[in-house]
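Commentary on secondary and tertiary structure
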Amino acid sequence: MALEHAILVSLLERPGSGYELARRFERSIGRFWTATHQQIYRVLRRMEADGWVTAEEVSQEGRPDKRSFSVAPAGRSALVGWLRAPVQPEAVRHELAVKIRGAAFDDAAGRAALVAEVERYRATHEETLARYLAGERRDFPDPAAPDPAAPDAAAALQHVVLRGGIAYERMVLAWLDDVLATLRTLDH
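Below or above, wherever it landed, is the structure these notes cover. (Residues numbered from 1 in each chain as written. Predicted model: local features only at pLDDT ≥ 70, side-chain atom pairs only at ≥ 80, totals over all residues. Heavy atoms only, no water.)

Describing the overall build of the chain
Helix and strand counts for the chain come out as seven helices and two strands. When the elements of the chain are put in sequence order from the N terminus, they spell out α-α-α-β-β-α-α-α-α. Projected onto its principal axes, the C-alpha positions of the chain cover 65 × 45 × 40 Å. Going through the 188 residues of the chain one by one, you find that 30% of them count as buried. Residue pairs in contact within the chain that sit at least 24 positions apart in sequence constitute 59% of those at least 6 positions apart. Carbon and sulfur atoms form 56% of the exposed surface of the chain, whose accessible area is close to 12,500 Å². A distance of 2 Å separates the average location of the 25 positive side-chain charges in the chain from that of its 27 negative side-chain charges. (Helix = DSSP H or I, 4+ residues; strand = E, 2+ residues; numbered from the N terminus. Buried < 20%, exposed > 50% of the residue type's maximum accessible area, 1.4 Å probe, protein only. Contact = heavy atoms within 4.5 Å. Areas by Shrake-Rupley, 256 points an atom, 1.4 Å probe, with all protein chains shown as cover. Lys, Arg positive; Asp, Glu negative; His and termini not counted. Charge placed at Lys NZ, Arg CZ, Asp CG, Glu CD.)

Points about the nonpolar core
Grouped together as the largest cluster of nonpolar side chains are 17 residues, with contacts concentrated most on Ile-7, Leu-11, Phe-25, Ile-40 and Leu-44. In terms of residues, this core owes the most to one element, helix 1 (residues 3-13), which gives five residues. In this structure, Val-115, Val-172, Leu-180 and Leu-183 belong to the second largest nonpolar core, which totals ten residues. (Core = buried A, V, L, I, M, F, W, Y, C linked by side-chain atoms within 4.5 Å.)

Here's the deal with the environment of Arg-42
Mapping Arg-42 onto the fold places it in helix 3 (residues 37-49). A residue is classified by how much of its surface remains accessible, and Arg-42, at 44% relative accessible area, is partly exposed. Along the primary structure Arg-42 and Asp-65 are separated by 23 residues, whereas in three dimensions their C-alpha atoms are 19 Å apart.

Side note on helix 4 (residues 73-84)
Over its twelve residues, helix 4 extends 17 Å from the first C-alpha to the last, a length consistent with the 16 Å expected when each residue adds 1.5 Å. Buried residues of helix 4: Gly-75, Ala-78 and Leu-79, and no others. The buried residues of helix 4 all sit within an arc of 100° when viewed along its axis, so they share a single face. Facing away from the buried side of helix 4 by more than 90 degrees, the exposed set consists of Pro-73, Ser-77 and Arg-84. The inward-facing, buried residues of helix 4 contact helix 1 and strand 2 (63-71). (Expected span 1.5 Å × (residues − 1). Arc of directions from axis to C-beta.)

Here we look at helix 6 (residues 108-139)
Here helix 6 is 32 residues long and its end C-alpha atoms lie 46 Å apart, about the 46 Å a rise of 1.5 Å per residue gives. The complete set of buried residues in helix 6 reads Gly-110, Arg-111, Leu-114, Val-115, Val-118, Arg-122, His-125, Thr-128, Leu-129, Tyr-132, Gly-135 and Glu-136. Summarising the contacts, the buried residues of helix 6 are in contact with helix 5 (95-102) and helix 7 (153-186). The N-cap of helix 6, judged by a side-chain oxygen 3.2 Å from the amide nitrogen of Ala-109 a few residues on, is Asp-107. (Polar contact = N/O pair within 3.5 Å; in protein donor to acceptor, adjacent residues only side chain to side chain.)

Focus on the side chain of Ser-17
Within the element layout of this structure, Ser-17 appears in the loop between helix 1 and helix 2 (18-27). Aside from chain neighbours lying at most four places away, what touches Ser-17 is Lys-66, Arg-67, Ser-68 and Phe-69.

Re a nonpolar patch on the surface
On the surface, a cluster of nonpolar side chains totalling about 360 Å² of accessible area is made up of Phe-32, Leu-157, Val-160 and Val-161. Summarising the element assignment, Leu-157 is placed in helix 7. (Patch = residues over 30% accessible without salt bridge, like charges linked within 9 Å, V, L, I, M, F, W, Y side chains within 5 Å. Salt bridge = Lys/Arg side-chain N within 4 Å of Asp/Glu carboxyl O.)

So, the pattern of salt bridges
For side chains of opposite charge, pairing can occur when their charged atoms come near one another. Taken as a whole and judged by the stated rule, the model has nine salt bridges. We note a salt bridge from Glu-20 to Lys-66, for which the minimum N-O separation is 2.7 Å. Placement of Glu-20 in helix 2 and of Lys-66 in strand 2 is noted, with a sequence separation of 46 residues between them. On the accessibility criterion, Lys-66 (22% relative accessible area) is partly exposed. Where Arg-120 meets Glu-117, a salt bridge forms, and the shortest distance between an N and an O atom there is 2.6 Å. Of this pair, Arg-120 and Glu-117 both sit in helix 6, three residues apart, which is roughly one turn of that helix. Looking at Arg-120, the relative accessible area reads 45%, which means it is partly exposed. Overlapping salt bridges bring together Glu-48, Glu-57 and Arg-67 as one network.

In short, geometric facts, not functional conclusions.
Here's what the structure looks like:
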């Protein structure tokens, strides 16, 4: 996947400025596809030059004007082509997992340092899970509310991706708890 596809999806959900897109990436899309503000602006310029997006000048009171981007027909066509292409399973490269396996060749002091690293790593996943759960409460306060006969496709698909992120974080936390329990029994 290219950053262009993530931007097209975000703009189809809601047109916006480069700054607004960057905020969306920080808030929701970023855990699945990261991008810096500079990357987003650079790709938006290229997408505009290629005719994938159009920009509209929006005046703002007391602030500089902004450019609000929306998806052009060529961008929608490019996205549809990408959506319909097969996806290859991603290769997993997990540095912490290799360190855990390598701990068999370290001493008790090294394993104690690894416990501290796993605890730090676990804390970052707890924070991510908390953000996801807060976002779910904010964006989907009553999942039973929509009419199941006519669900809002965008909201339903956003929520299913968020639920996948929540499930992933819970799985990682359970695995890290198992790792910590195993490491702690090795030198006692």
